[in-house]
Every structure is written in C-alpha cells, then in structure tokens.
Amino acid sequence: MLTADPPLPATVRAEILALAAAELHPRGAAVAALRLVQAHFRWISTPHLREVAELLGMSADDLDGVATYFNLLFRRPVGRHVIMLCDSVSCWIMGRERLCAHLCRTLGVKPGETTADDAITLLPTVCIGHCDHAPAMLVDDTLHGDVDIPTLDRLVAALKEQP
Ligand code: FES
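Residues numbered from 1 in each chain as written. Predicted model: local features only at pLDDT ≥ 70, side-chain atom pairs only at ≥ 80, totals over all residues. Heavy atoms only, no water.

As recorded by an unreviewed UniProt entry, the chain carries the name NADH-quinone oxidoreductase subunit NuoE and is attributed to Komagataeibacter melaceti. Per UniProt, the chain has the following entry under Sequence similarities (unreviewed entry): "Belongs to the complex I 24 kDa subunit family." (UniProt positions renumbered as here; feature names shortened; annotations may be inferred.)

Right, here's the structure in full:
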C-alpha cells in the first residue's frame, strides 16, 4: 500500500494547480483535488489535506469540512477495494442486515474495517439512490442493486483476484 507520509508528488501538485486555475475561485476545485489525491493514495491523509488546502488558498479546516461531507472521500486508510453497503431504510427493509452479517463473516471484518490482506474495506453508507433495487451497494465506483448472497460471494471472489 502506498504510504501517505511523503509529500504530494510534483505531478499531483501541478494537476491540482491546473484544476484550481480553471475555476473562478481556486476552492471550486476542492472536490476534484481531493479525488485526485485519493486516486493516488486511496485516502486523504491530514498532511495531504493540508497541502491541498495551501494550494487552493483555503484553511485546512474548511477543506476538511468538504472532505468529511462527502462519504466517497476517505479520511482514513482503506483497502484496495471498498464495498459500501447501504444502510438506509429501503435497504434495511429488503434485508441489508443479513447481507452485512454475511459480508462480515466472509471477510472477517466488522463494518468500518479492512481485511487482513488489505484487499477490501467494508463501509456502511446512507442511501445511494438505488432504493428501487434495494438492497444496494457500491463496489468501488460500480453500483449494484437487488444484491443477494450469491452476488456478494461472486463479487468478493472477483475483488480478491484483482490487484
Ligand atoms: S435506501 Fe438503500 S439505496 Fe436508497
């Protein structure tokens, strides 16, 4: 796993400055800049958040407010893949607890944790707008609906194969 200790690479800093230059105010690039950092490091460490804030002319607290508002921006380390299982009302009604329990057993983690091989992080999430196909979840950037246990098993096996 890439460590978050080194400063942002020069290429990332240059991309952030380019994003900022394209906005009316540099802070308009906040989400895109944070996503860029996450794409490189999987998550946004506090030192990296501070660097981005400085590049965008924002306070670190303001930028942290943006980072923690969006649940697809990770402020803690995650595995190579992230499963976000919806825990809002439609998915509850449609049995997401059974799916969550199965995932926890299969992966050997609790919600919020990452597997020992660093492959998968399991996170709960608020409604992801796929209620008509509840229970629903996001696996990395892909939306899955009408999820059942065979689907989970298939997806987990596929994720474990991927780098
Ligand atoms: S309640 Fe789960 S997708 Fe909306």
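So, next bit.
S.K.: What exactly am I supposed to notice about the nonpolar core here?
M.R.: Within soluble globular proteins, side chains that are nonpolar generally end up buried alongside one another. Core analysis: the largest hydrophobic core is formed by 21 residues, its most contacted members being Leu-8, Ile-16, Leu-34, Val-37, Val-52, Leu-56 and Leu-63. Residue assignment for this core shows that the elements contributing at least two residues are α1 (10–21), α2 (30–41), α3 (46–56) and α4 (60–69). It is α2 that contributes the most residues to this core, 6 residues altogether. Discounting residues that sit within four places of it in the chain, Val-37 has contacts with Leu-8, Ile-16, Arg-42, Trp-43, Ile-44, His-48 and Val-52. By size, the runner-up hydrophobic cluster in this structure holds 18 residues, among which are Ile-83, Cys-100, Ile-120 and Val-147. (Core = buried A, V, L, I, M, F, W, Y, C linked by side-chain atoms within 4.5 Å. Buried < 20%, exposed > 50% of the residue type's maximum accessible area, 1.4 Å probe, protein only. Helix = DSSP H or I, 4+ residues; strand = E, 2+ residues; numbered from the N terminus. Contact = heavy atoms within 4.5 Å.)

S.K.: Before we go on, may I ask you to explain the sheet that holds strand β1 (residues 81–86) in this structure?
M.R.: Working definition: the strands of a sheet are paired by backbone hydrogen bonds and lie parallel or antiparallel to each other. Pairing in this open sheet of 4 strands is mixed, and the strands run β2-β1-β3-β4 from one edge to the other. Each of the sheet's edge strands pairs with one partner strand only, and the pair in question is β2 (120–125) and β4 (142–144). With direction set aside, neighbouring strand axes in the sheet form an average angle of 20°. With 6 bridges joining them, β1 and β2 adopt parallel strand pairing. Its bridge partner being in β2, His-81 is matched across the sheet by Ile-120. Taken strand by strand, helix α6 (residues 96–107) contacts β1 and β2, and its axis lies near 155° from that of β1. Of the strands in this sheet, β1, β2, β3 (137–139) and β4 touch helix α7 (residues 149–161), which is tilted by about 20° from β3. (Pairing = 2+ DSSP bridges. Axes fitted to C-alpha atoms, helices over the stretch in contact; angles between N-to-C directions.)

S.K.: Looking at this structure, how should I read the UniProt feature "binding site: [2Fe-2S] cluster" (unreviewed entry) in the chain?
M.R.: Per the UniProt entry, the sites bearing "binding site: [2Fe-2S] cluster" (unreviewed entry) are Cys-86, Cys-91, Cys-127 and Cys-131 in this numbering. Despite a sequence span of 46 residues, these residues sit close together in the fold, their greatest C-alpha distance being 9.3 Å. If you trace the backbone, Cys-86 turns up in strand β1. Residue contacts for Cys-86: discarding those within four places in its chain leaves Cys-91, Arg-96, Thr-125, Val-126, Cys-127, Ile-128, Ala-136 and Met-137. As for its placement among the helices and strands, Cys-91 is situated in helix α5 (residues 89–93). Ignoring sequence-local partners within four residues, the contact set of Cys-91 consists of Cys-86, Arg-96, Ala-134, Pro-135 and Ala-136.

S.K.: How should I be thinking about unusual backbone geometry in this particular structure?
M.R.: As a rule of thumb, non-glycine residues mostly have phi less than zero, and peptide bonds are mostly trans rather than cis. Cis rather than trans, the peptide bond between Ala-134 and Pro-135 has omega equal to 0°. Position of Pro-135 relative to the elements: it lies in the loop between β2 and β3.

S.K.: What am I meant to see in the environment of Ala-29 here?
M.R.: The topology assignment puts Ala-29 in the loop between α1 and α2. Given a relative accessible area of 1%, Ala-29 falls into the buried group. Between the alpha carbons of Ala-29 and Ala-119 there is a distance of 30 Å; along the sequence they are 90 residues apart. Every residue in contact with Ala-29, bar those within four places of it in the chain, is listed here: Leu-19, Ala-20, Glu-23 and Leu-56.

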